[in-house]
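Observations on the three-dimensional arrangement
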Amino acid sequence: MKWKPTLMPKERELMVIPTQIGEDGTIFLHRAGVGSDTLHVIKNALQAKFQNSDFVPPSTFPVIGEACIAKYWLDKNWYRAEVVKVLDNCIEVLFVDYGNQEVINLQDIRLEPVMMDIPRQCLECELEGIQPTTGDSQWPTDILDFIHESIVEKMCTMKIKMPPEPGKPLRISLSLPGDIVLEDILVEMGFAKKVELAGRSICNTLIDDDEMLSSVTPNGSEEINVEMVSPYLYPKIPDKGKIFPVVVTNCVKPNEIYIQRLKLEESSSDEEKLINQEFEGFLAMMEELGENGESFPVLKDLEQGQACCAMYSYDDRWYRGLIKSASSLKVEVLYIDYGNSEIIPKENFSRLRELPIQYFMFPLQALHCKLSRLSPVSDSWSQEALVEMVDILFNNSLKFWAKVCDPGPPLEILLYSENVQQEMTLVYQSLIDKKLVKLDSDTEQEL
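Attention in this report is confined to the structure presented alongside it.

Cut-offs and rules
- Per-chain numbering applies: the sequence of each chain, read as written, is numbered from 1 onward.
- Thresholds applied to this predicted model are a pLDDT of at least 70 for local features of residues and 80 or more for the giving and counting of side-chain atom pairs; totals over whole chains, interfaces and linings are not thresholded and use all residues.
- Neither water nor hydrogens contribute to the side-chain values; these are computed over all heavy atoms in the structure.
- With a 1.4 Å probe rolled over the protein chains alone, any residue whose accessible area is under 20% of its type maximum counts as buried; one over 50% counts as exposed, and the rest are partly exposed.
- Helical segments are the DSSP runs of H or I of at least four residues, strand segments are the runs of E of at least two, and each set is numbered from the N terminus.
- Two strands are counted as paired when DSSP detects at least two bridges linking them.
- Whether two residues touch is decided by their heavy atoms; if any such pair falls within 4.5 Å, the residues are in contact.
- A fitted line through C-alpha atoms represents every axis, and for helices the fit uses only the stretch in contact; the resulting angles, taken between N-to-C directions, go from 0 to 180 degrees.
- Buriedness of a pocket was judged along seven lines, with at least five required to meet protein on both sides within 12 Å; pockets are open sets of points on a 1 Å grid over the protein atoms alone, cavities are sets where a 1.4 Å probe fits but cannot get out, and lining residues have an atom within 4 Å of a point.
- Grid points are joined across faces, edges and corners, and a volume is the space filled by probe spheres set on the points.
- Three categories are distinguished: nonpolar for Ala, Val, Leu, Ile, Met, Phe, Trp, Tyr, Cys and Pro, charged for Asp, Glu, Lys and Arg, and polar for the others, with Gly belonging to the last.

Along strand β16 (residues 243-253), 8 of the 11 residues are buried, which leaves the element largely enclosed by surrounding structure. Where β16 meets strand β25 (residues 400-406), 4 bridges bridge the pair, whose relative direction is antiparallel. From the neighbouring strand, Phe 244 faces β25, where its bridge partner is Ala 402. By the bridge criterion, 6 bridges tie β16 to strand β17 (residues 256-261) in an arrangement that is antiparallel. What sits directly across from Cys 251, in β17, is Ile 257. Here β16 folds back onto β17 in antiparallel fashion, the turn holding 2 residues.

Let us now look at the sheet that holds strand β18 (residues 307-312). The 5 strands lie next to each other as β21-β20-β19-β18-β22, forming an open sheet whose pairing is antiparallel. The strands lining the two open edges of the sheet, one partner per strand, are β21 (341-345) and β22 (352-353). The pairing of β18 with strand β19 (residues 317-326) spans 6 bridges and is antiparallel. Within the sheet, the bridge partner assigned to Cys 308 lies in β19 and is Gly 321. Sitting on the sheet, helix α4 (residues 270-292) is in contact with β18 and β19, with an inclination near 85° to β19.

Time to look at empty space enclosed by the protein. Applying the stated criterion across every chain, the model contains 1 cavity of 30 Å³ or more. Computed from the structure, the largest cavity encloses a volume of approximately 40 Å³. Around the largest cavity, the lining residues are Met 162, Pro 163, Pro 164, Glu 165, Lys 168, Pro 169, Leu 170 and Arg 171. Split into classes, the residues belonging to the lining of the largest cavity amount to 5 nonpolar, no polar and 3 charged.

Only one face of strand β8 (residues 123-127) is buried, namely the one carrying Leu 123, Cys 125 and Leu 127, since none of Glu 124 and Glu 126 on the opposite face is buried. Across 3 bridges, strand β2 (residues 27-31) lies against β8 in antiparallel orientation. In the sheet register, Phe 28 faces β8, and the bridge partner there is Glu 124.

These results come straight from atomic positions and should not be treated as a statement about function.
As structure tokens, this is what we get:
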């Protein structure tokens, strides 16, 4: 049996009280003013049940990760714990509600855990964007002692920097009393160094501005050689050769579009059922955003790469966004589930709100695609080709299917629709026939 995971906070910035620093630099903490009554109930209940309990030798040794109840040597009280290492006649445990690890004699362990329905009460975190300056990337004991003395049992401010990942510490920035940022102090003192965010987990999707969609313009997207780290999860890309229903949500130029996957009419496999569940989950999330966006706090950190909840000026509805650029006078926001963007002037900054952390857990829905081997008939795309392509792609009477040619990035696809004979044809076949665009010979052979 295992303890339930910690409930993740909905806020992105909150007051916390660190309780312990692990040997690997993991920071364990409690939310200020939250859960203290629960901890009190747990402690009293465990003392009542186990204070005078007799040790019964277990038939088998506990295994790593197993939930248990253990007596803490310092105060002789019983606490909820998890087995982290099995030794000779001893067990090393993690006290899951506080974060400290101890080696406990086997007679002070009880393998009949109670209160299993109550989640862990301690948040497990790590500092984002820094690592130790040591060659083995391990924190020296004296530095861990310095961090412990600086933050444990003190009121601090925590900012969640990345969406939570199952089984991994929450990545955060931590400010000490007086608004002193712990990461900055560690770097300034030479105890830590900053690390690049690129190339880390899937949550840290790199987004090139030249891969982002702006509003449809005659010349397509601008060439901007800037990279940003997106805090949003990136969706699973279908395998090569897969065909699936889509809707086109934006067009940059005739061979560069954004699509969303649609619900499958028939779902037999587990993968297909999961696709439909995710689609329904997305619709539910959008409905919830529409209802709650107005109540979210106004966003204060207007920085490039900052996630947000933004009100789109066209329909005054709330959507998930990502700040592409920011100044004191205006902010450009990319709507990550649709691929379009807009400029929000200073007088409308109240349309930018903080996005609660639970909305990061749903993958972004706008897939950036290039239409396979579609090219202009001359050196650049003509205005006529762009206008005709937009007219076709946003024709509400047409249904589209995408076929994966190359998972990318960027994702490379062929885009089909049904003709009057219910045959699958290329959506842009009429543009090819009019010689507004062209396909290379390899693509024609694929068809």
